[in-house]
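Results of the structural survey
This is what each chain is made of:
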Amino acid sequence: MAEFDVGKHGVGPISILNVKGYLDAHTAPELENAFNSLINDKQYKVVVNFRDLKYISSAGLGVFMAYVETMRENNGDIKFCGLKDDVFNIFDLLGFPLLYEFYKEEKEAIDKFNQG
Amino acid sequence: MTKTEKNIRKRLTVKSSTKNLAKIRTFVKKLSTEVGFDDETANKIVLATDEACTNIIKHAYKYSQTGIINVNISLLSDKFRIAITDEGSHFNSNAVPEPDLKKYYEEKRVGGLGMFLMKKLMDEVIYSQPTSKKNKVTLIKYLK
């Protein structure tokens, strides 16, 4: 059984990362790899869909903090969608909503990118 | 039997590898649910323990997988206590400032979040050094 998995697909110029399972210090390097490969491909507009994420620790949150600036410097961003309440609460405790955009639906996050 | 009469004492010993975090989480989730915490609170205790053990692996053992982590769980007088010990380098909790996310973002710093979360999620977080070679962090949640 895979503890964590990250799937990637594109919607026009936007990359969607579907994170699944348990994101902790053991699995965070897999998410880093996904971001590194997006940067290699010059894909800076990223929507992370948390619909299937069951667990996140600060090691996982740190990955988003480490990559968001690169995305923003290149006219992109990391936007979040589909978070379950308990996962969102962890982001909220650390003040993420001040610096990141959160959406219920993936489509809303995509539309926001498309609006410019 | 009331909750307070159900005193427990359990221990899990694992090597200092991040792959053991899942095992530690399962252990803590099972016991915190057994003593009567609701799912939401049990998940908070699980996350706080994960953060404590991640810090030990990262800072005390610097990612060496040969160290030992002991997780001792006890329930006494409505205090659910998770005492985690290691034999790695000493960690000065006072040297870690509370994180300012905006500053972190500007300076690309990602450390210190775990300790902040532990304090937010638990009722008490106590760092101690029981012997010159041992470090201990004790996480306490009151069973209301």
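Look a little higher up for the structure.
I will try to describe carefully the structure that is included in this document. (Residues numbered from 1 in each chain as written. Chains lettered and ligands numbered in written order. Predicted model: local features only at pLDDT ≥ 70, side-chain atom pairs only at ≥ 80, totals over all residues. Heavy atoms only, no water.)

Details of the overall build of chain B
Helix and strand counts for chain B stand at 4 helices and 5 strands. Its helices and strands in sequence order give chain B the pattern β-α-α-β-β-α-α-β-β, from N to C terminus. A burial count over chain B gives 47% of its 144 residues as buried. Once local pairs closer than 6 in sequence are excluded, the contacts in chain B between residues at least 24 apart make up 61%. Split by element, the accessible area of chain B, about 7500 Å² in all, is 50% carbon and sulfur. (Helix = DSSP H or I, 4+ residues; strand = E, 2+ residues; numbered from the N terminus. Buried < 20%, exposed > 50% of the residue type's maximum accessible area, 1.4 Å probe, protein only. Contact = heavy atoms within 4.5 Å. Areas by Shrake-Rupley, 256 points an atom, 1.4 Å probe, with all protein chains shown as cover.)

Quick look at the interface of chain B and chain A
Tallying the contact residues gives 25 residues for chain B and 23 residues for chain A. Taking both sides of the interface into account, the surface hidden between chain B and chain A amounts to around 2100 Å²; carbon and sulfur atoms contribute 68%. Where chain B touches chain A, the interface holds 1 salt bridge. B:Arg25 is paired through a salt bridge with A:Asp24; the nearest N and O atoms lie 2.7 Å apart. Counting across the chain B and chain A interface gives 5 residue pairs in polar contact (both at pLDDT 80 or more). Looking at side-chain class alone, the side of chain B that touches chain A contains 12 nonpolar, 4 polar and 9 charged residues. (Buried area = accessible area lost by both parts, 1.4 Å probe. Salt bridge = Lys/Arg side-chain N within 4 Å of Asp/Glu carboxyl O. Polar contact = N/O pair within 3.5 Å; in protein donor to acceptor, adjacent residues only side chain to side chain. Nonpolar A, V, L, I, M, F, W, Y, C, P; charged D, E, K, R; others polar.)

Re the sheet that holds strand E2 (residues 14-23) of chain A
Residues and elements named next belong to chain A. With mixed pairing, the 5 strands of this open sheet are ordered in space as E1-E2-E3-E4-E5. Looking at strand neighbours, the two that pair on one side only are strand E1 (4-11) and strand E5 (102-103), the edges of this open sheet. Both E1 and E2 contribute to a ladder of 8 bridges, which runs antiparallel. Opposite Lys8, over in E2, you have Leu17 as the bridge partner. With respect to the sheet, helix H1 (residues 28-40) is in contact with E1, E2, strand E3 (45-56) and strand E4 (77-81), its orientation differing from that of E2 by roughly 170°. (Pairing = 2+ DSSP bridges. Axes fitted to C-alpha atoms, helices over the stretch in contact; angles between N-to-C directions.)

Some points on helix H1 (residues 21-34) of chain B
Residues and elements named next belong to chain B. Taking 1.5 Å of rise per residue, the 14 residues of H1 would be expected to cover 20 Å, and the 20 Å separating its terminal C-alpha atoms lies within 8% of that figure. Inspection of H1 places Leu21, Ile24, Arg25, Phe27, Val28, Leu31 and Ser32 among the buried residues, and these make up the whole buried set. For H1, the arc enclosing every buried residue in end-on projection is 165°, short of the 170-degree limit, so these residues lie on one face. Every exposed residue of H1 that faces more than 90 degrees away from the buried side is listed here: Thr26 and Lys30. Phi turns positive, to about 115°, at Gly36, one or two residues after H1. (Expected span 1.5 Å × (residues − 1). Arc of directions from axis to C-beta.)

Let's talk about a negative patch on the surface
Where like charges cluster on the molecular surface, the negative patch consists of A:Asp85, A:Asp86, B:Asp38 and B:Glu40. Locating A:Asp85 in the fold gives a position in helix H3 (residues 85-93). (Patch = residues over 30% accessible without salt bridge, like charges linked within 9 Å, V, L, I, M, F, W, Y side chains within 5 Å. Lys, Arg positive; Asp, Glu negative; His and termini not counted. Charge placed at Lys NZ, Arg CZ, Asp CG, Glu CD.)

Comments concerning the packing of aromatic side chains
Residue and element names in this part refer to chain A. For the structure shown, the criterion picks out 16 aromatic pairs over all chains. Measuring from centroid to centroid gives 5.7 Å for Phe50 and Phe64, while their planes differ by 55°, and the two rings are tilted. On the criterion of sequence distance, the pair formed by Phe50 in strand E3 and Phe64 in helix H2 (residues 58-73) is long-range, its members being 14 residues apart. The same class applies to Phe50 as to Phe64, namely buried. A centroid spacing of 4.9 Å and a plane angle of 25° characterise the contact between Phe96 and Tyr100, whose relative ring orientation is stacked. Judged by relative accessible area, which is 5%, Tyr100 ranks as buried. These aromatic residues form a ring-pair network of at least three members: Phe35, Phe50, Phe64, Tyr67, Phe80, Phe88, Phe91, Phe96, Tyr100 and Phe102. Across from the ring centre of Tyr100, 5.2 Å away, lies the NZ or CZ of Arg72, which sits over that ring. One Lys or Arg, Lys79, reaches over the ring of Phe113 and ends 4.5 Å from the middle of that ring. (Phe/Tyr/Trp six-rings, centres within 6.5 Å; stacked < 30°, edge-to-face > 60°. Lys NZ or Arg CZ within 6 Å of the ring centre and 35° of its normal.)

Some thoughts on the sheet that holds strand E1 (residues 8-15) of chain B
All names here are of chain B. One open sheet holds the 5 strands; their spatial order is E1-E2-E3-E5-E4, and the pairing between them is antiparallel. On the outer flanks of this sheet lie E1 and strand E4 (124-131), each paired with one strand and no other. Between one strand and the next, the sheet's axes are offset by a mean angle of 20°, whatever the strand orientation. Bridge count for E1 against strand E2 (residues 68-76) is 8 bridges, and the pairing is antiparallel. Among the inter-strand pairings, Lys15 is bridged to a residue of E2, identified as Ile68. Contacts from H1 reach E1, E2 and strand E3 (79-86) within the one sheet, and its direction differs from that of E1 by about 175°.

By themselves these figures say nothing about function.
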